[in-house]
Amino acid sequence: PMSAEAQAAHAFDYEAQEHMRVLDAGLETVKNALSALELPKRDLDAMMQSYKAIFSPFRRFPAEILSEVFIHCLPAVGDVPSMMCAPLLVMSVCKRWHAVALSTPQLW
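Throughout this description, residue numbers start from 1 for each chain and increase along the sequence as written. In keeping with the predicted nature of the model, local features appear solely for residues at pLDDT of at least 70, side-chain atom pairs appear and are counted solely at 80 or more, and the whole-chain, interface and lining totals rest on all residues. Derived side-chain values reflect all non-hydrogen atoms in the structure, with water molecules and hydrogen atoms excluded from consideration.

> What should I look at first to understand the packing of helix α2 (residues 63-72) against helix α4 (residues 95-102) in this one?
To characterise two packed helices, one gives the angle between the axes of the helices and the distance between these axes. The geometry of α2 relative to α4 is characterised by a closest axis approach of 9 Å and an angle of 75 degrees between their N-to-C directions. It follows that α2 is roughly perpendicular to α4 by the angle criterion. In this structure, α2 contributes Ala63, Leu66, Ser67 and Phe70 to the contact, and α4 contributes Arg96, Trp97, Val100 and Ala101. In the scheme used here, Gly and all other residues not listed as nonpolar or charged are polar, with Ala, Val, Leu, Ile, Met, Phe, Trp, Tyr, Cys and Pro taken as nonpolar and Asp, Glu, Lys and Arg as charged. Of the residues belonging to the contact of α2 with α4, the class tally is six nonpolar, one polar and one charged. Here an axis means a line fitted to C-alpha atoms, over the contact stretch when the element is a helix, while the angle between two N-to-C directions is reported on a 0 to 180 degree scale. Each helix corresponds to a stretch of at least 4 residues labelled H or I by DSSP, and each strand to a stretch of at least 2 residues labelled E; elements are numbered beginning at the N terminus. Orientation labels follow simple angle bins: below 35 degrees gives roughly parallel, above 145 gives roughly antiparallel, 65 to 115 gives roughly perpendicular, and whatever is left gives oblique. Pairs of residues are marked as contacts when any of their non-hydrogen atoms sit within 4.5 Å.

> Quick question: what am I supposed to make of the side chain of Thr104 here?
Counting through the fold element by element, Thr104 comes out in the segment after α4. Looking at Thr104, its side chain comes within polar contact range of the main-chain oxygen of Val100, at 2.6 Å. Excluding its chain neighbours within four sequence positions, the residues that come into contact with Thr104 are Ser67 and Ile71. What qualifies as a polar contact is a pair of N or O atoms within 3.5 Å, subject to a donor-acceptor requirement within protein and to the restriction that residues adjacent in sequence count only when both atoms come from side chains.

> Would you mind showing me how to read the environment of Val90 here?
Note on placement: Val90 falls in helix α3 (residues 88-91). Here's how the labels work: a residue is buried when its accessible area is under 20% of the maximum for its type, exposed when over 50%, partly exposed in between, all with a 1.4 Å probe on protein chains only. Judged by its relative accessible area of 9%, Val90 falls in the buried class. As for Val90 and Leu66, which are separated by 24 residues in sequence, their C-alpha atoms are 9.9 Å apart. With near-sequence residues (within four places) excluded, Val90 lies in contact with Phe70, Trp97, His98 and Ala101.

> Sorry if this is basic, but what is going on with the environment of Phe70 here?
Relative to the helices and strands, Phe70 resides in helix α2. For the pair Phe70 and Ala101, spaced 31 residues apart in sequence, the C-alpha separation works out to 7.2 Å.

> Sorry if this is basic, but what is going on with the pattern of salt bridges here?
Side-chain pairs of opposite charge can arise whenever the charged atoms involved come near each other. Salt bridge, as used here, is a side-chain nitrogen of Lys or Arg placed within 4 Å of a carboxyl oxygen of Asp or Glu. For the structure on display, the rule yields one salt bridge. Between Arg21 and Glu18 there is a salt bridge, with the nearest N and O atoms lying 2.4 Å from each other. Within this pair, Arg21 and its partner Glu18 are both found in helix α1 (residues 3-54), separated by three residues, close to a single helical turn. Residue Arg21 is classed as partly exposed on the basis of its relative accessible area of 45%.

Given below as C-alpha cells:
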C-alpha cells in the first residue's frame, strides 16, 4: 500500500484495537454483574423449591392410600427384585414414605 494507505490502515487498526479494549472491559463488567446475581438467584430458587415441596399434594396423601400405591409398585411375580424396585425405592423418597413402607406388611 501507499504511504497514506498504510497510515490509514494503521490508524484504523489502532482505533479498532482501542474500541475492542473498551468492548472487552464493558463485557467484563457485565459478566461480573451477572455472576454477582447468579448466586443469590440460585439460593432463592433452592429456597422456593423447598417451600413448594412443603405444599406438595403427595404430603397430604393418607398413609392408607400410599400403602396401596406402594403395593401396586411391587415387581411382578417371578421378577428378580433389585435395589431399584418397591419397596426399597419408595423407602428412599422421604422419611414419611419410609415409615409408611415399613408399616405395610404386604410389601414384605
